[in-house]
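Residue strings, one per chain:
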Amino acid sequence: MQRPGLLDRLVQAQAERAQQSLLRRLRTVESVAGSRIIVDGKSLLNFASNDYLGLAQHPALREALARSAARWGVGATASHLLGGHREEHALLEEKLARWTGRERALLFSTGYMANLGAIGALLRAGDVCVQDKLNHASLLDGAQLSGANLKRYAHADATAAERQLISMPEAAALLATDGVFSMDGDIAPLHELAALCKTQHATLMVDDAHGLGVLGTEGAGSLAEAELDQHDAPVLMATLGKALGVAGAFVAGSASLIDGLIQFAHTHTYTTAIPPALAAAASVAVDLARAESWRRDKLQRLIALWRNGAARRGLTLLESRTPIQPLLVGGSEDALRISLQMENAGFYIPAIRPPTVPAGKARLRITLSAAHEEADIEHLLDALAGTLTRGGAV
Ligand SMILES: *Cc1c(COP(=O)(O)O)cnc(C)c1O
């Protein structure tokens, strides 16, 4: 028998990753207080969190969680369709629909599952799914799993997207894009893509994991900021684990979309509902995210401080006005070295390497939060400038 051993092959693949400075390492965070974390006994300023509004540790979220857990216990004990759907879930869905200006919303356990479920319910073999090259892995996996033809286009290039659509004029088509790109921080050309979808009779799906809470009036997201409604962008997915500081995700859109997902989205049907206590905490997070615009204002001030400071120190940043502010390094080994030097200087900024980003585009993905203070940004800038001067230009 010449059959290869699966575990041996996995070990071999790990060795290859290690050799290319691409090995991932799981680290345990021992403590969190505001934007400080303790890892391996070291107290570090955290510039890797997606808690953009600083809500993850908010006392009102903790209280809502505890109250709901006192009522129900912890687990939802079943899927949404088989007794797991509780009052907290229903209220949160209504709240999310109102916030995003959509008719209805449907909860999923994670953003990854929401994308797999929505794309899987919409597409079949023979259809086409057109996607930005830099889309999140869950959108790309969703298209692959659906059996549709996946056609990727050059990043943020609506003309390239049009060519892909035109290449399959008879096929039912979904165009899916991140609203805010998770590793680059830039925003998709939403107006162009919406116009293209109209002329090409394609359906636009936007993954707003990093836009919700951060962009638009009351933080309603990248589509709200671009003033694109349910007709322009019929499928909106966003998560509850980033700016809202909780966990879970939802798809929002027309009543017929949501009814269809309840019937056909496997990742909704065949999985346990998120604990109602998490839905209760997320409801409070939505209220705070909408009402406390000072969090967005502070975030914008910190982003401006960071970008001006970086420009003054000769650091080249990617074009981004969101809290995702990557510093492009290039090689994986260099990115790891700079990340380690920054850690020794008291900062947690992991290196993001292929295959998460394209080859030769390794980077430090710096994320800013309303939980940071201006002094944190100044310290970060000084430490980065020092490290990069010592280690050679980036
Ligand atoms: C984080 C993220 C997801 C996945 O969301 P989870 O709830 O963490 O599974 C999906 N899309 C994008 C763009 C993301 O950044």
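Rules behind the numbers
Residues numbered from 1 in each chain as written. Predicted model: local features only at pLDDT ≥ 70, side-chain atom pairs only at ≥ 80, totals over all residues. Heavy atoms only, no water. Helix = DSSP H or I, 4+ residues; strand = E, 2+ residues; numbered from the N terminus. Polar contact = N/O pair within 3.5 Å; in protein donor to acceptor, adjacent residues only side chain to side chain. Contact = heavy atoms within 4.5 Å. Axes fitted to C-alpha atoms, helices over the stretch in contact; angles between N-to-C directions. Parallel < 35°, antiparallel > 145°, perpendicular 65-115°, else oblique. Left-handed = near helix turned anticlockwise from the far one by under 90°. Nonpolar A, V, L, I, M, F, W, Y, C, P; charged D, E, K, R; others polar. Domains from an automatic or database assignment. Salt bridge = Lys/Arg side-chain N within 4 Å of Asp/Glu carboxyl O. Near = heavy atom within 4 Å. Areas by Shrake-Rupley, 256 points an atom, 1.4 Å probe, with all protein chains shown as cover. Buried < 20%, exposed > 50% of the residue type's maximum accessible area, 1.4 Å probe, protein only. Pairing = 2+ DSSP bridges. Arc of directions from axis to C-beta.

1. Points about the side chain of Ser 138
And then number 1: Here Ser 138 is to be found in helix α5 (residues 137-146).
And then number 2: Of the polar contacts made by the side chain of Ser 138, one reaches the side chain of Asn 115; its length is 3.0 Å.
And then number 3: Here Ser 138 is in contact with Gly 111, Tyr 112, Asn 115 and Leu 116, once residues within four sequence places are set aside.

2. Some details on the packing of helix α6 (residues 158-166) against helix α7 (residues 190-200)
And then number 1: Relative orientation of the contacting elements α6 and α7 amounts to 20 degrees, with a least axis distance of 10 Å. The angle between the axes of α6 and α7 places the two elements in the roughly parallel class. The crossing of α6 and α7 is right-handed. Contacts between α6 and α7 involve Ala 158, Ala 161, Glu 162, Leu 165 and Ile 166 from the first element and Glu 192, Leu 193, Leu 196 and Gln 200 from the second.
And then number 2: Residues of the contact of α6 with α7, tallied by class, amount to 6 nonpolar, 1 polar and 2 charged.

3. Structural notes on the packing of helix α3 (residues 87-100) against helix α11 (residues 276-291)
And then number 1: Running from N to C, α3 and α11 cross one another at 25 degrees; their axes reach a closest spacing of 8 Å. The angle between α3 and α11 places the two elements in the roughly parallel class. When you trace α3 past α11, the crossing you get is left-handed. Here Glu 88, His 89, Leu 91, Leu 92, Lys 95, Leu 96, Arg 98 and Trp 99 of α3 come into contact with α11, specifically with Pro 276, Ala 279, Ala 280, Ala 282, Ser 283, Val 286, Asp 287, Ala 289 and Arg 290.
And then number 2: The residue inventory of the contact of α3 with α11, partitioned by class, reads 10 nonpolar, 2 polar and 5 charged.

4. A closer look at the domain arrangement of the protein chain
And then number 1: Considered domain by domain, the protein chain is made up of domain 1 (21-53 + 293-390) and domain 2 (59-291).
And then number 2: Centre-to-centre, using C-alpha coordinates, domain 1 lies 27 Å away from domain 2.
And then number 3: Counting from both sides, the interface comprises 21 residues of domain 1 and, opposite them, 23 residues of domain 2.
And then number 4: Here domain 1 and domain 2 share 2 salt bridges between them.
And then number 5: In this structure, Arg 321 and Glu 225 form a salt bridge, with 2.8 Å as the shortest nitrogen-oxygen distance.

5. Details of the site of the ligand
And then number 1: In the vicinity of the ligand lie 13 residues, with Gly 111, Tyr 112, Asp 207, His 210 and Lys 242 positioned nearest.
And then number 2: Contacts to the ligand include Gly 111, whose backbone N or O atom sits 2.7 Å from an oxygen atom.
And then number 3: The separation between a nitrogen atom of the ligand and a polar side-chain atom of His 136 is 3.5 Å.
And then number 4: When the ligand is considered free in solution it has 370 Å² of accessible area, and contact with the protein chains removes 82% of it.
And then number 5: For the shell around the ligand, the element with the most residues is helix α4 (residues 111-122), which contributes 3 residues.
And then number 6: The residue inventory of the shell around the ligand, partitioned by class, reads 2 nonpolar, 8 polar and 3 charged.

6. Considering the side chain of Ser 109
And then number 1: With respect to the element layout, Ser 109 can be found in the loop between β4 (104-108) and α4.
And then number 2: Within the structure, Ser 109 has its side chain in polar contact with the backbone oxygen of Thr 272 (distance 3.3 Å).
And then number 3: Ignoring sequence-local partners within four residues, the contact set of Ser 109 consists of Gly 248, Ala 249, Thr 271, Thr 272 and Ile 274.

7. Observations concerning the pattern of salt bridges
And then number 1: Taken as a whole and judged by the stated rule, the model has 15 salt bridges.
And then number 2: With its nearest N and O atoms 2.7 Å apart, the salt bridge here joins Asp 232 to Lys 198. Here Asp 232 is found in the loop between α8 (222-225) and β9 (235-239), whereas its partner Lys 198 is found in helix α7, with 34 residues between them in sequence.
And then number 3: Asp 232 gets classed as buried once you look at its relative accessible area, which sits at 17%.
And then number 4: Several salt bridges converge on common partners, so that one network encompasses Arg 27, Asp 40, Lys 42 and Glu 343.

8. As for the sheet that holds strand β6 (residues 149-153)
And then number 1: Taken in spatial order, the 7 strands of this open sheet run β4-β10-β9-β8-β7-β5-β6, and their pairing is mixed. Single-partner strands in this sheet number two, and they are β4 and β6. Adjacent strand axes in the sheet meet at a mean angle of 20 degrees, parallel and antiparallel pairs treated alike.
And then number 2: Sheet topology places strand β7 (residues 173-178) next to strand β8 (residues 203-207); 5 bridges connect them, and they run parallel. What sits directly across from Leu 175, in β8, is Leu 204.
And then number 3: Contacts from α3 reach β4, β9 and β10 (249-253), with the element oriented near 125 degrees to β4.

9. Concerning α7
And then number 1: Buried residues of α7: Leu 190, Leu 193, Ala 194, Leu 196 and Cys 197, and no others. Taken around the axis of α7, the buried residues stretch over an arc of 160 degrees, which confines them to a single face.
And then number 2: Those residues of α7 that are buried are in contact with β6, α6, β7, β8 and α8.
And then number 3: A positive phi of about 50 degrees marks His 201, the residue just after α7.

10. Digging into the environment of Ala 285
And then number 1: By the secondary structure assignment, Ala 285 is in helix α11.
And then number 2: Judged by relative accessible area, which is 0%, Ala 285 ranks as buried.
And then number 3: Through-space distance from the C-alpha of Ala 285 to that of Ala 243 is 8.9 Å; in sequence the pair is 42 residues apart.
And then number 4: In this structure Ala 285 touches Leu 55, Leu 61, Leu 244 and Val 246, once residues within four positions along its chain are discounted.

11. Looking at the environment of Leu 82
And then number 1: Structurally, the position occupied by Leu 82 is in the loop between α2 (59-72) and α3.
And then number 2: The spacing of Leu 82 and Tyr 270 is 188 residues in sequence and 9.9 Å in space, taken between C-alpha atoms.

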